[in-house]
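If you want the building blocks of each chain, they are given just below.
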Amino acid sequence: MNTSASNSALDSTSNSAADNTADTPFATTTSTLITGIATLVTNDHHLPGTSPDDPLGLLRDAAVVIEGDRIAWVGTESQAPATDSRLRAGGRTLLPGFVDSHSHLLFGGDRTEEFGARMSGRPYTAGGIRTTVEATRATSGERLAAGLERHVREALHQGTTTLETKSGYGLTVEDELRALRIAEEHVDETTFLGAHVVPPEYAADPDGYVALVTGPMLAACAPHARWVDVFCERGAFDGDQARAVLTAGIAHGLTPRVHAGQLGPGPGVRLAVELGAASVDHCTHLTGADVDALAGSRTVATLLPGCEFSTRSPYPDARRLLAAGVTVALATDCNPGSSYTSSMPFCVALAVREMGMTPDEAVWSATAGGAAALRRIDIGRITPGARADLVLLDAPSHVHLAYRPGVPLVAAVWQRGARVR
């Protein structure tokens, strides 16, 4: 495989008419063959040529066919079918688009001062999440949409082809509804997080706020979301309040997700498992019972290392979870206060360096793991029938995501079969 072309643009050619004979399955529709792939991460170890013991389903000297918005064929280059056009990857690595299953991208203002104070060891009492709530309420819908679009483009540029994002910075019926209406226009997955924190106007009546969240707010927001989430943590919502929010969401047809174990142990993880949550996120502080509950369930543990990086907090012990057989995902938790990064490659590098994950485990968790956290089988894999979301790295191996942290390795991105970078 010629790796000398790894710093050049993708070569593109059209096949001759003789290459597109009537007996080929790609003759009547537009199809593109990508060849010259040094390492292909498929996340499908059932494909011919992959090892059943390799969760990444690695193929060497590989090729992929895109047809429309789907993957049509995967295999070794020597067996590639004829197609309408061909791209040469130049001995680089192709992997599934990153799946960022936890973000907070709809907000007004920023919290630069808070971050600066935290990094300087100075006290800061401006209000954290409540600061963003105040700014978001005061920001026009047009500016909120523009900010969301900017963050989505930023993530896509770094290889993220599927994004989940949450409401949670409005905390009134009108503001939460506005956030979700904007979000559903720009991202694949939307989450109702009215139970983020108790807003100042309900400080003396938190149960009254829970009644608002589970009543009028949920009724308005449920048609615009797939998921319901709650911050089950000290200073936010206790176990009984979290249960009320999640069960009300389930009654409205939403599937639970839970923020838990960020600041300390609590009931959130086991509540998530009990209620069949797709994911429980943060998982920094876990008891043995929490790990056992996750290991015996379908609930994914989504780890958010950008948060620990930005707050100088202890990192989750990914090795402990993986050893117990828990499915682990990685996500950015992109938000203005505790993890203002949209870079999944950065989170992969942190997971390897700080959380005890191997490069293979971190890449799987940032792709197939994120898909599992969203209960999706059409993304996070490069296999026939999957959505054609692809990332080309300017490197001969996916290991370079951790080996060369901070280096802009993403050379090309396809989303739903269209090249977007």
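As shown above, the structure is provided for reference.
Fair warning: this is a prediction, and the values are worked out from it, not measured in the lab.

S.K.: An account of the overall build of the protein chain is requested, with residue identities and associated values reported.
M.R.: Counting its regular elements, the protein chain contains 13 helices and 16 strands. Against the compact-globule benchmark of 22 Å for 421 residues, the protein chain has a radius of gyration of 22 Å, which places it among compact chains. Overall, the C-alpha framework of the protein chain stretches about 75 × 40 × 40 Å when taken along its three principal axes. Considering only intrachain contacts with a sequence separation of at least 6, the fraction spanning at least 24 residues in the protein chain is 72%. Total accessible area computed for the protein chain in this model is approximately 16200 Å², and 52% of it derives from carbon and sulfur atoms.

S.K.: For unusual backbone geometry, give the residues involved together with the corresponding values.
M.R.: The backbone phi angle of His-282 is positive, close to 100°, even though this residue is not glycine. The phi torsion at Arg-416 lies on the positive side, around 50°, for a residue other than glycine. Its place among the elements puts Arg-416 in the loop between β15 (410-415) and β16 (418-419). The exposure class of Arg-416 is partly exposed, given its relative accessible area of 37%.

S.K.: Please set out the state of the cysteines residue by residue, giving values where relevant.
M.R.: Counted under the stated rule, the structure contains zero disulfides. Unpaired in terms of disulfides, Cys-307 finds its nearest cysteine sulfur in Cys-347, a separation of 10 Å. Among the cysteines around Cys-334, which has no disulfide bond, Cys-347 carries the closest sulfur, lying 9.2 Å off.

S.K.: Hey, could you go over the sheet that holds strand β7 (residues 160-166) for me, with residue numbers and the actual values?
M.R.: With parallel pairing, eight strands are arranged side by side in an open sheet as β6-β7-β8-β9-β10-β11-β12-β13. Two strands close off the open sheet at either side, each with one partner strand: β6 (98-100) and β13 (328-330). Mean inter-strand twist for the sheet, computed between neighbouring axes without regard to direction, equals 25°. Relative to β13, strand β12 (residues 300-303) runs parallel, the two being bridged by three bridges. The residue bridging Ala-301 from the neighbouring strand is Val-328, located in β13.

How each quantity is defined
Residues numbered from 1 in each chain as written. Predicted model: local features only at pLDDT ≥ 70, side-chain atom pairs only at ≥ 80, totals over all residues. Heavy atoms only, no water. Helix = DSSP H or I, 4+ residues; strand = E, 2+ residues; numbered from the N terminus. Rg over C-alpha atoms; globule rule 2.2 N^0.38 Å. Contact = heavy atoms within 4.5 Å. Areas by Shrake-Rupley, 256 points an atom, 1.4 Å probe, with all protein chains shown as cover. Buried < 20%, exposed > 50% of the residue type's maximum accessible area, 1.4 Å probe, protein only. Disulfide = S-S within 2.5 Å. Pairing = 2+ DSSP bridges. Axes fitted to C-alpha atoms, helices over the stretch in contact; angles between N-to-C directions.

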